[in-house]
Amino acid sequence: MSAIARQYLELTKPRVVALIVFTAVIGMFLAAPGMVPLQPLVAGTVGIWLAAASAAAINHLIDQRIDRVMVRTAHRPLATGALTPRQVLIFAVVLGAVSMAILIVLVNPLTAVLTFASLIGYAVVYTAWLKRATPQNIVIGGAAGAAPPMLGWAAVTGHVHPYALLLFLIIFVWTPPHFWALAIFRRDDYSRAQVPMLPVTHGVEYTSWHVLYYTVLLLIVTVLPYLTGMSGLFYLGGALVLGVGFLYYAIVLLNPPNERFAMKVFNYSIVYLMALFAFLLADHYLDLPMLRQTVLPLQKIG
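As the structure is a computational prediction, the values presented were derived from the model and not from experiment.

**Things to note about the overall build of the protein chain**
Inference 1: Along its length, the protein chain carries 17 helices and zero strands.
Inference 2: In terms of overall dimensions, the protein chain has C-alpha extents of about 65 × 50 × 35 Å along its principal axes.
Inference 3: Looking at the protein chain as a whole, 50% of its 302 residues qualify as buried.
Inference 4: Within the protein chain, contacts between residues separated by at least 24 positions form 73% of all contacts whose residues are at least 6 apart in sequence.

**Quick notes on the nonpolar core**
Inference 1: Judged by nonpolar contacts, the single largest core of 91 residues is most densely connected at Trp174, Tyr272 and Phe277.
Inference 2: A per-element tally of this core places helix H10 (residues 162-185) first, with 14 residues.
Inference 3: Once you skip the residues sitting within four places of it in the chain, Phe277 turns out to touch Phe22, Thr23, Ile26, Pro149, Leu167, Ile170 and Ile171.

**Focus on the packing of helix H15 (residues 233-253) against helix H16 (residues 261-285)**
Inference 1: At a closest axis distance of 9 Å, the pairing of H15 and H16 adopts a crossing angle of 175°. When the axis of H15 is compared with that of H16, the two are roughly antiparallel.
Inference 2: Each residue belonging to the contact of H15 with H16 can be placed in one class, and the counts come to 20 nonpolar, four polar and two charged.

**Examining the packing of aromatic side chains**
Inference 1: In total, this model carries 13 aromatic pairs according to the counting rule given.
Inference 2: Between the aromatic rings of Tyr8 and Phe91, the centroid separation amounts to 4.9 Å while the plane-to-plane angle is 55°, which identifies the pairing as tilted. One end of the pair, Tyr8, is in helix H1 (residues 3-11); the other, Phe91, is in helix H6 (residues 85-107), and 83 residues separate them in sequence.
Inference 3: You can call Tyr8 partly exposed: its relative accessible area is 22%.
Inference 4: A centroid spacing of 5.6 Å and a plane angle of 75° characterise the contact between Tyr248 and Tyr249, whose relative ring orientation is edge-to-face.
Inference 5: On the basis of relative accessible area, Tyr249 is assigned to the partly exposed category, the value being 22%.
Inference 6: By way of ring pairs, the aromatic residues Phe246, Tyr248, Tyr249, Phe261, Tyr268 and Tyr272 are connected into one cluster.

**So, a nonpolar patch on the surface**
Inference 1: Together, Phe116, Ile120, Val124, Val125 and Trp129 line one region of the surface with nonpolar side chains, adding up to about 450 Å² of accessible area.
Inference 2: Mapping Val125 onto the fold places it in helix H7 (residues 109-133).

**A closer look at helix H8 (residues 137-145)**
Inference 1: For H8, the set of buried residues is Asn137, Ile138, Val139, Gly141, Gly142 and Ala144.
Inference 2: Buried residues in H8 make contact with H7, helix H9 (148-157), H10 and helix H13 (204-221).

**Section: the confidence of the model for the protein chain**
Low pLDDT means the predicted coordinates in that region are not meant to be read closely.
Inference 1: Looking at the protein chain as a whole, the pLDDT averages 93, with 95% of positions reaching at least 70.
Inference 2: This stretch, residues 288-302, has a pLDDT under 50; its non-local contacts, to residues over four places away or in other chains, come to seven contacts.

**Overview of H10**
Inference 1: Counted at 1.5 Å a residue, the expected span for H10 with its 24 residues is 34 Å, and the 36 Å between its end C-alpha atoms agrees.
Inference 2: At Thr175, H10 shows its strongest bend, of approximately 30°, with the proline Pro176 following within four residues.
Inference 3: Most of H10 sits inside the fold, with 18 of its 24 residues counted as buried.

**Here's the deal with the pattern of salt bridges**
Inference 1: On inspection of all chains with the given rule, the structure shows five salt bridges.
Inference 2: Across the salt bridge formed by Asp63 and Arg132, the nearest N and O atoms sit 2.7 Å from each other. In this pair, Asp63 is assigned in the loop between helix H3 (38-62) and helix H4 (64-69) and Arg132 in helix H7, connecting sequence segments 69 residues apart.
Inference 3: A cluster of three or more residues bridged by salt bridges with shared partners is formed by Asp63, Lys131 and Arg132.

About the cut-offs
Residues numbered from 1 in each chain as written. Predicted model: local features only at pLDDT ≥ 70, side-chain atom pairs only at ≥ 80, totals over all residues. Heavy atoms only, no water. Helix = DSSP H or I, 4+ residues; strand = E, 2+ residues; numbered from the N terminus. Buried < 20%, exposed > 50% of the residue type's maximum accessible area, 1.4 Å probe, protein only. Contact = heavy atoms within 4.5 Å. Core = buried A, V, L, I, M, F, W, Y, C linked by side-chain atoms within 4.5 Å. Axes fitted to C-alpha atoms, helices over the stretch in contact; angles between N-to-C directions. Parallel < 35°, antiparallel > 145°, perpendicular 65-115°, else oblique. Nonpolar A, V, L, I, M, F, W, Y, C, P; charged D, E, K, R; others polar. Phe/Tyr/Trp six-rings, centres within 6.5 Å; stacked < 30°, edge-to-face > 60°. Patch = residues over 30% accessible without salt bridge, like charges linked within 9 Å, V, L, I, M, F, W, Y side chains within 5 Å. Areas by Shrake-Rupley, 256 points an atom, 1.4 Å probe, with all protein chains shown as cover. Salt bridge = Lys/Arg side-chain N within 4 Å of Asp/Glu carboxyl O. pLDDT = per-residue confidence, 0-100. Expected span 1.5 Å × (residues − 1). Bend = angle between axes of the 7 residues up to and from the residue.

Structural data, given as structure tokens:
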């Protein structure tokens, strides 16, 4: 890959977008009783991926000033001068336009509308306004990042089912403890850039307590797919094990063994979300007759 191609690829935040696309694809599979039809699977995945990449590029464009003063982002193409704002803007607009064309023509208008709303929510509402306006920026702005499984569901069915909203809720509640862990570790960066992240405005201890609060809430929310009949015992077991692990990290974060522990919490949160959605997918397709034979008689007795 050429150097210029790598710069454009970096604009799309490939790791972040990969997680977005992963949850969107899981949403597609959960929406289908069997195999997902090929056209919405392929076209929906490509369309959502391009829209997320476009939003990431716009984020680079709007954040270029703060990117230059933050260690974590100083290497980005606009911060180093490898690309110009005009190049980035054209790139973002092209990606966004192609994504909308694919979703409207090959998927359905609802998915296109919801995806466009998510793009604007992240790239404009969060990046250009909320990020600089309030310490609760990631809580409010997290709605845009929580949309992908709902987009995937809409791509397959053409509507938004309550189960899709439940997937949205899980990621919405997951986002604050996930991002605040990173913000704790990078608080000096955010302070230099004058971005009012919670650890900057209220301190590390206050933020750590909020990570714990949201982790407890997340543990409760992730039980809802089982309680509502969306998923079964296989998912419930996985969700509880993963949730207890997250809770352990959140408790230790109150009195961390070292400065880098917040990054361990951040990294675990990514593994947690991927594993949680993998459990949702596996539970959706696995037939567990032995578990059913054990549990159903117990439910009748109860």
